[in-house]
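Notes for the structure review
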Amino acid sequence: MPSDAPQPLRRGGRATGTISAPDNARVSAVVSAGNGYRSVPIVEDRSLRMVEPARPVLIQGGMGVAVSSWPLARAVSTAGQLGVVSGTALDAVLARRLQDGDPDGHLRRALDHFPIPEMAGRVQARFFRPGGRAAGKPYVPIPKPSLQPSRASLELAVVGNFVEVWLAKEGHQGLVGINYLEKVQMSTLPAVYGAMLAGVDYVLMGAGIPREIPQVLDRFAGHQSARLSVDVHGADAPHVMELDPAALLGCVLPPPRRPEFLAIVSAHVLATFLARDDATRPDGFVVEGPRAGGHNAPPRGRLVLDDEKQPVYGPRDDADLAKIAALGLPFWLAGTYGTPDRVTAALASGAAGVQVGTVFALSRESGFSPDVRAQLQRRLAQGTLRVLTDAFASPTGFPFKVAQLSDTLAEDARYAERARLCDLGYLRTPYVRDDGSVGYRCASEPVPIYVRKGGAIEDTVGRKCLCNALTANVGLAQTRRGGYTEAPLVTLGEDLTGARSLMALYPSGWTARAAVEWLLGGLPGRAAGSA
């Protein structure tokens, strides 16, 4: 903020005055600041918190698209642990929830607290439908992520991430984090900044090498322009995207507090690489084994499939925890740590705690649609719920855990009846065309189109549209011409031991708080509570 800019007045941690702001900002792939100042109102600044909560033992995993929704993260956070919202596709989530009428008014309440009312107002005016969209009417499309995002696209991403984090943090002082995929590079900058505006406490990122995120957080915490490299296939060097907060918002806000950054890794080699330099060093690690849900790191060495076409992992795929501990940074263990005895074992190994997904995904507060939740609970109770690792489902090329449920893309017949298309585009890859310009392709789009763009036909085999399927998991499925509605594809962790134990305790389902108390019940001074 310029030294001669008016400063906000603060009473009881809430800013009540005004600050100066640039008026004529412009936004492109590289965002530039404009000139002129005006006065804007300031809302609550959570960065003024003087006492930080203790480091969590439990991290609730950031799962899918809005499975780790704000009600789930809020429930875990108010139970004293780290609640995490999924940061994937929150622009689409906000746009579709608004089109469904926001029946409880939660989204509009959060929008009312966004620090730039004009920006929130543009998002609400574009997507909100009082009473919800008509039955069978498709959702209004939103711009796909690109190297040159429009202002409208950037605004929707910032506001969408702000809304989800703000709702998770509303009315309490617990810890809230947000989880991103490194592979979704073109959406990262506005998403992270929106979460920081809402006071997010932790940022977690996996599915890649998040070496630039510490610098991004540092820059945004200083309210400075941040840059992020984007891998472009066929380019001599990565392309760079840049976001200037003052230019995008049209004002200069008080700098947000820098969240802690946890890199999600599967190998001690990656942890060592990230920790060796101040510029890339995270504040800690989540060490994720191959039985965790969602995307998994590929097995090291040549790909070998078992009789069910699952990748075979071996000892080389286990992280050396002693080497990770020697780095001197806190770490949490993930994948098969969803029971009280495994929490105790993790702490005994020197870990700060564990990250747990499946028992929270199956809790009452998760974002799964009623139909998906009912089938998961029924199969879990019957002992027929299975989770397999699909080596080919994800367009990213990473193995992906898939729950074997009926009427989902896990069924070959349901997969075959879907016409391939890519209209959300979070996992599409930028590439260099023959003329030197940049195009975009996705291994889940129509095969002739992908091949025409220079993609290899073998990369399309078995690929599923995760973007549309994961939004369908939470009741936000797109409706197509002719009445086809996108089908779900559910991901969970492979180890269901904890979920089965909780189902035995709570046959009608459990709350996130009950899961927290059960998981920590074996620790000294704690006892399992009730749902």
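See above for the structure.
Residues numbered from 1 in each chain as written. Predicted model: local features only at pLDDT ≥ 70, side-chain atom pairs only at ≥ 80, totals over all residues. Heavy atoms only, no water.

As for the pairing of strand 13 (residues 331-334)
Of the two faces of strand 13, the one holding Phe331 and Leu333 and the one holding Trp332 and Ala334 are both buried throughout. Pairing of strand 12 (residues 284-288) with strand 13 involves four bridges; the strand directions are parallel. The residue of strand 13 that forms the bridge with Glu288 is Ala334. Sheet topology note: the strand 13/strand 14 (residues 353-356) ladder contains three bridges and is parallel. For Leu333, the partnering residue across the bridge sits in strand 14 and is Val354. A crossover links strand 13 with its parallel partner strand 14, the connecting element being helix 11 (residues 340-348), and its sense is right-handed. (Buried < 20%, exposed > 50% of the residue type's maximum accessible area, 1.4 Å probe, protein only. Helix = DSSP H or I, 4+ residues; strand = E, 2+ residues; numbered from the N terminus. Pairing = 2+ DSSP bridges. Right-handed = clockwise from strand over helix to strand, strands pointing away.)

Side note on the sheet that holds strand 11 (residues 260-265)
Spatially, eight strands are ordered 5-14-13-12-11-8-7-6 in an open sheet, and the strand pairing comes out parallel. With partners counted over all chains shown, the strands left at the sheet margins are strand 5 (58-60) and strand 6 (83-86), one partner each. Across this sheet, the average inter-strand angle for adjacent strands is 25 degrees, counted without regard to direction. Contacting strand 11 and strand 12, helix 9 (residues 268-275) runs over the sheet at an angle of about 150 degrees to strand 11. (Axes fitted to C-alpha atoms, helices over the stretch in contact; angles between N-to-C directions. Contact = heavy atoms within 4.5 Å.)

Considering a nonpolar patch on the surface
Taken together, the side chains of Leu303, Leu305 and Phe392 make up a nonpolar region of the molecular surface, amounting to roughly 230 Å² of accessible area. Of note, Leu303 is situated in the loop between strand 12 and helix 10 (321-325). The class for Leu303 is partly exposed, based on a relative accessible area of 42%. (Patch = residues over 30% accessible without salt bridge, like charges linked within 9 Å, V, L, I, M, F, W, Y side chains within 5 Å. Areas by Shrake-Rupley, 256 points an atom, 1.4 Å probe, with all protein chains shown as cover. Salt bridge = Lys/Arg side-chain N within 4 Å of Asp/Glu carboxyl O.)

Description of the packing of helix 1 (residues 70-78) against helix 18 (residues 512-520)
Between helix 1 and helix 18, whose axes approach to 8 Å, the crossing angle comes to 40 degrees. On the basis of their axis angle, the class for helix 1 and helix 18 is oblique. As for the relative orientation of helix 1 and helix 18, their crossing is right-handed in sense. When helix 1 is examined against helix 18, the residues Leu72, Ala75, Val76 and Thr78 are found in contact with a partner set consisting of Ala512, Arg513 and Val516. Tallied by class, residues from the contact of helix 1 with helix 18 come to five nonpolar, one polar and one charged. (Parallel < 35°, antiparallel > 145°, perpendicular 65-115°, else oblique. Left-handed = near helix turned anticlockwise from the far one by under 90°. Nonpolar A, V, L, I, M, F, W, Y, C, P; charged D, E, K, R; others polar.)

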